Amino acid sequence: MDINVLVVDDEKEICELIEIYLEKEGYNVFKAYDGLEAVNIIRKEDVNLALIDIMIPEINGYKVVKKIRDGGKIPIIMISAKSEPQDKILGLDLGADDYITKPFNPLELVARVNAQLRRFYEFNEVKTEQSVEKIIKHKELTLDTGRCLLLKGEKEINLTSKEFKIMAMLMRRIGQIFTKKQIYEEVWEEQYFGEDNVIMVHMSKLRDKIEDIPKEPKYLKTVRGLGYKVMD
């Protein structure tokens, strides 16, 4: 299977450097030097992962991420010289799966690309042992793990890959409380170092998408001091 990676940065030298390392891994690379060009490539080409700088001309990186998320679930890694926590949180809130700051080690970037693609395609692969649990229904929600879809009634809820993994984890065990550590380590597949804001941002975004009144949730409950659960 050919894997196409879109690299978006207005610094051509950075695009070319990333391209060299990704092509060594066997990936096909599309390059864009502004946000408008990036959006056009996404519309025309079969892109499997996007690396997007924030400070780019025409359409900034945040808006590019939002446009991608409006119509797709591919992994997105944001690249930026901005290293403040609020910048990272905003990127994740808009739908990015990872965030790396400049200057970066190209080998680390390649490792993150490999990890995101591995997790995305392993998660989306329909496994035989999960076939009996392909569709989970709870109240108005229907989780289709075979097609990676969440429906509320007849309406499809557009989720990022991380949001879908969180919902799959919680809906497979209705009523069970999961700690932030459990959620982070299962969904991100990394050791938890107190990334409270990351979990909170994703839960807030999920409530905005699935709840009629996010401040009065019927599905996603915060159990103070313990974690989160889907209410039975």
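Residues numbered from 1 in each chain as written. Predicted model: local features only at pLDDT ≥ 70, side-chain atom pairs only at ≥ 80, totals over all residues. Heavy atoms only, no water.

- If you check an unreviewed UniProt entry, the protein chain appears there as Stage 0 sporulation protein A homolog from Oceanirhabdus seepicola.
- Looking at the Function (unreviewed entry) heading of the UniProt record, one finds this comment for the protein chain: "May play the central regulatory role in sporulation. It may be an element of the effector pathway responsible for the activation of sporulation genes in response to nutritional stress. Spo0A may act in concert with spo0H (a sigma factor) to control the expression of some genes that are critical to the sporulation process." (UniProt positions renumbered as here; feature names shortened; annotations may be inferred.)

## Structural notes on the environment of Leu150
Reasoning step 1: Here Leu150 is to be found in strand E8 (residues 149-152).
Reasoning step 2: For the pair formed by Leu150 and Met167, sequence separation is 17 residues and the distance between their alpha carbons is 8.6 Å.
Reasoning step 3: In this view, Leu150 contacts Leu141, Thr142, Leu143, Lys155, Glu156, Ile157, Leu159, Phe164, Met167, Met171 and Ile210; residues no more than four positions away in its chain are not counted. (Helix = DSSP H or I, 4+ residues; strand = E, 2+ residues; numbered from the N terminus. Contact = heavy atoms within 4.5 Å.)

## Description of the UniProt feature "modified residue: 4-aspartylphosphate" (unreviewed entry) in the protein chain
Reasoning step 1: Sites flagged by UniProt as "modified residue: 4-aspartylphosphate" (unreviewed entry) map to Asp53.
Reasoning step 2: Within the fold, Asp53 resides in strand E3 (residues 49-53).

## A few points about the pairing of strand E10 (residues 220-223)
Reasoning step 1: Inspection of the sheet shows E10 paired to strand E11 (residues 227-230) by four bridges, in the antiparallel sense. Residue pairing across strands places Leu220 opposite Val230, the latter belonging to E11.
Reasoning step 2: Hairpin geometry of E10 and E11 is characterised by an intervening segment of three residues between the two adjacent antiparallel strands and by a positive phi of about 80° at Gly225. (Pairing = 2+ DSSP bridges.)

## Things to note about the packing of helix H6 (residues 161-171) against helix H7 (residues 180-187)
Reasoning step 1: Viewed as axis vectors pointing N to C, H6 and H7 meet at an angle of 120°, and their least axial separation amounts to 10 Å. In terms of orientation, H6 lies oblique with respect to H7. In the crossing of H6 with H7, the sense of the turn from one axis to the other is right-handed. Each of Lys162, Lys165, Ile166 and Met169 in H6 lies in contact with H7, whose residues at this interface are Gln182, Ile183, Glu186 and Val187.
Reasoning step 2: Classifying every residue of the contact of H6 with H7 gives four nonpolar, one polar and three charged. (Axes fitted to C-alpha atoms, helices over the stretch in contact; angles between N-to-C directions. Parallel < 35°, antiparallel > 145°, perpendicular 65-115°, else oblique. Left-handed = near helix turned anticlockwise from the far one by under 90°. Nonpolar A, V, L, I, M, F, W, Y, C, P; charged D, E, K, R; others polar.)

## Quick look at the packing of aromatic side chains
Reasoning step 1: Enumeration according to the criterion identifies one aromatic pair in this entry.
Reasoning step 2: Each ring, one from Tyr184 and one from Trp188, has its centre 5.0 Å from the other, and the planes form 10°; the classification is stacked. (Phe/Tyr/Trp six-rings, centres within 6.5 Å; stacked < 30°, edge-to-face > 60°.)

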